[in-house]
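Inside the fold
The chain contents come next:
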Amino acid sequence: MGVLPANEYTHGLYPYPARLLRHIPRFLLATDAIVDGVDLVFDPFVGSGTVLLEAQLRGIASIGVEQNPVAALVSRVKVRAEEVGDAETRLDEVLAAAKRCRRPTIPSTALGRWYAPQALSALGRLLTVISEAADLSAADREVAMLCLVLTARRVATTDPRIPVPVRTQRNAAATASDVWEAWGAEATAMVAKLERLPRRRPPAHVWTGDARDLDMWPSPEEARTTLLLSSPPYGAAQKYVRSTSLEAGWLGHAPTGRTVHIEHGNIGREHLSAKDATLTTADVWSPSLRGLLEGIGRKDARRAAIYLTYFVDMQAAFTNARTTGVKRIALVTGTNSVVGSTLHTSQHLAEIVQCLGYQRTLSVRDPIRGRTLLTARRNGTPSPAEHIDVFEVNPDA
Ligand SMILES: C[S@@+](CC[C@H](N)C(=O)[O-])C[C@H]1O[C@@H](n2cnc3c(N)ncnc32)[C@H](O)[C@@H]1O
């Protein structure tokens, strides 16, 4: 497949930390045996929309579900159906109106920590205009919101070396002019990327919600043959929620600055609820996993509880695949190391999917250590191996 350009189409719209390298869905969607008869691609863990954009480029309709509202916004903009048209003029008009506006909207008091007063007020004025402008279409309002959160990232005093906003960087006090300038740069870059989308593209919808919720899944009437193609969340991945907490604040999803309620719906969460704490290893379907979790539990009960909850959540999500008649499933997963034990996520998820009546038709393992090939993770612990597994429903099961 060769090297794909870094900023192809809208792929580079936003640096979501958990995103999938687009080579993988591109390869899978170019494989006849995988797309044969498929009229809908569904990604229940859509993140920043890599799979949906690739489905769009391949000419297949798609639906995605994402629980993190920041990632869901990125996905929606990435695969927007509307023509770009005069979006740049609209964004210029937002900027001009924000300069005149005297009423900043600051959705979270916690945001004040990350901005000099002038910059905070300028961002708040942009938000007032975006929220109130009557002539913005829903799609252009989303583009403007994404532009706002990208601008807000650019001018924040957060230490850029740490992905989660926890520490301020000294000497980084942006002024209102810096905000206007950053907005202009983000708006120009965003419109240029949106203009790269092919003119004719099939519909792609992104729902903000929980993949464990059956209502989020496409009904059997919506597609004859659904291919579920996804890179599911990792076993302990709530850092991805925290890494978008500033953006969640500007979108109104973190009024106190905390993202705990988003983390609670997240598969791979580390703060377990009272209900999660009632789970036991008897709740997982795979006997080998049960034994592994018990072994981890003897060394670190909290880690074992986090991974137990993760797999029980995955069971709930994939049960919806069978209930809604998903025909084919393609999963891209990594391997985790937990207190010295290797958790073969691909194998454990395969067992879950097989318990539901799917049979594995393809298994590819990439043993390359070091810089991970399937996901763009910087500075993180490299995954020792990554996998692509494809399953087909067994009609007799
Ligand atoms: C590995 S990432 C997917 C990345 C995506 N393929 C991309 O390229 O950006 C997994 C995603 O699952 C999402 N997620 C976690 N729990 C979820 C849930 N209960 N329902 C839906 N999405 C969830 C996470 O927020 C994260 O964005």
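Coordinates for the structure precede this section.
Residues numbered from 1 in each chain as written. Predicted model: local features only at pLDDT ≥ 70, side-chain atom pairs only at ≥ 80, totals over all residues. Heavy atoms only, no water.

**Overview of helix α14 (residues 345–355)**
In terms of residue burial, α14 counts as a mostly covered element, since eight of its 11 residues are buried. Within the span of α14, buried status applies to Thr345, Ser346, His348, Leu349, Ala350, Glu351, Ile352 and Val353. One or two positions beyond α14, positive phi appears at Gly357, with a value near 100°. (Buried < 20%, exposed > 50% of the residue type's maximum accessible area, 1.4 Å probe, protein only. Helix = DSSP H or I, 4+ residues; strand = E, 2+ residues; numbered from the N terminus.)

**Considerations on the nonpolar core**
Core analysis: the largest hydrophobic core is formed by 67 residues, its most contacted members being Tyr115, Leu146, Trp183 and Trp250. Looking at which element gives the most residues to this core, the answer is helix α7 (residues 138–155), with 10 residues. Here this core spans two domains, and each of domain 1 (13–69 + 204–232 + 267–393) and domain 2 (87–194) adds at least three residues to it. Every residue in contact with Tyr115, bar those within four places of it in the chain, is listed here: Leu120, Leu123, Ala152, Arg153, Val155, Ala156, Thr157, Leu246 and Trp250. Counting residues in each nonpolar core, the second largest holds 40 residues, with Ile63, Ala236, Ile267 and Val393 among its members. (Core = buried A, V, L, I, M, F, W, Y, C linked by side-chain atoms within 4.5 Å. Domains from an automatic or database assignment. Contact = heavy atoms within 4.5 Å.)

**Thoughts on the packing of helix α5 (residues 87–100) against α7**
Viewed as axis vectors pointing N to C, α5 and α7 meet at an angle of 60°, and their least axial separation amounts to 10 Å. Classified by the angle their axes make, α5 and α7 are oblique. Relative to α7, the crossing made by α5 is right-handed. On α7, the residues that touch Ala87, Arg90 and Leu91 of α5 are Asp140, Val143, Ala144 and Cys147. (Axes fitted to C-alpha atoms, helices over the stretch in contact; angles between N-to-C directions. Parallel < 35°, antiparallel > 145°, perpendicular 65-115°, else oblique. Left-handed = near helix turned anticlockwise from the far one by under 90°.)

**A word on the packing of helix α13 (residues 301–323) against α14**
Helix-helix packing is characterised by the crossing angle of the two axes and by the distance between the axes. Packing of α13 against α14 brings their axes to within 10 Å, and their N-to-C directions diverge by 40°. Relative to α14, α13 is oriented oblique. Relative to α14, the crossing made by α13 is right-handed. Residue-level inspection shows Tyr310, Phe311, Met314, Gln315 and Phe318 of α13 in contact with α14, the latter providing Thr345, His348, Leu349, Ile352 and Val353. The class makeup of the residues in the contact of α13 with α14 is seven nonpolar, three polar and no charged. (Nonpolar A, V, L, I, M, F, W, Y, C, P; charged D, E, K, R; others polar.)

**What about the pairing of strand β9 (residues 386–393)?**
Among the eight residues that make up β9, seven are buried, leaving the element largely enclosed by the rest of the structure. Of the pairings in the sheet, the one linking strand β5 (residues 328–334) to β9 comprises seven bridges and is antiparallel in character. Paired with Leu331 across the strands is Asp389, a residue of β9. Direction of pairing for strand β8 (residues 358–366) relative to β9: antiparallel, over a ladder of eight bridges. Looking at the pairing, Gln359 lines up with Glu392 of β9. (Pairing = 2+ DSSP bridges.)

**Comments concerning the sheet that holds strand β4 (residues 226–230)**
An order of β3-β2-β1-β4-β5-β9-β8 is seen for the seven strands of this open sheet, with the pairing classed as mixed. Of all the strands in the sheet, just β3 (204–208) and β8 have a single pairing partner and so form its edges. Each neighbouring strand pair of the sheet contributes to a mean axis angle of 15°, computed without reference to strand direction. Pairing between strand β2 (residues 62–66) and β3: five bridges, direction parallel. Bridge pairing in β3 places Gly64 opposite Val206. Against the sheet, helix α4 (residues 69–78) engages β2 and β3, with an angle of about 165° to β3. Sitting on the sheet, α14 touches β5, β8 and β9, and the angle it makes with β5 is about 155°.

**Quick look at the site of the ligand**
Residues in close proximity to the ligand total 22 residues, the closest being Tyr16, Leu20, Ser48, Thr50 and Glu66. Ala211 has a polar backbone atom sitting 2.9 Å from a nitrogen atom of the ligand. At 3.1 Å, a backbone N or O of Gly265 approaches a nitrogen atom of the ligand. Here the ligand loses 98% of its free accessible area of 600 Å² to cover by the protein chains. Per-class residue counts for the shell around the ligand are 10 nonpolar, nine polar and three charged. (Near = heavy atom within 4 Å. Polar contact = N/O pair within 3.5 Å; in protein donor to acceptor, adjacent residues only side chain to side chain. Areas by Shrake-Rupley, 256 points an atom, 1.4 Å probe, with all protein chains shown as cover.)

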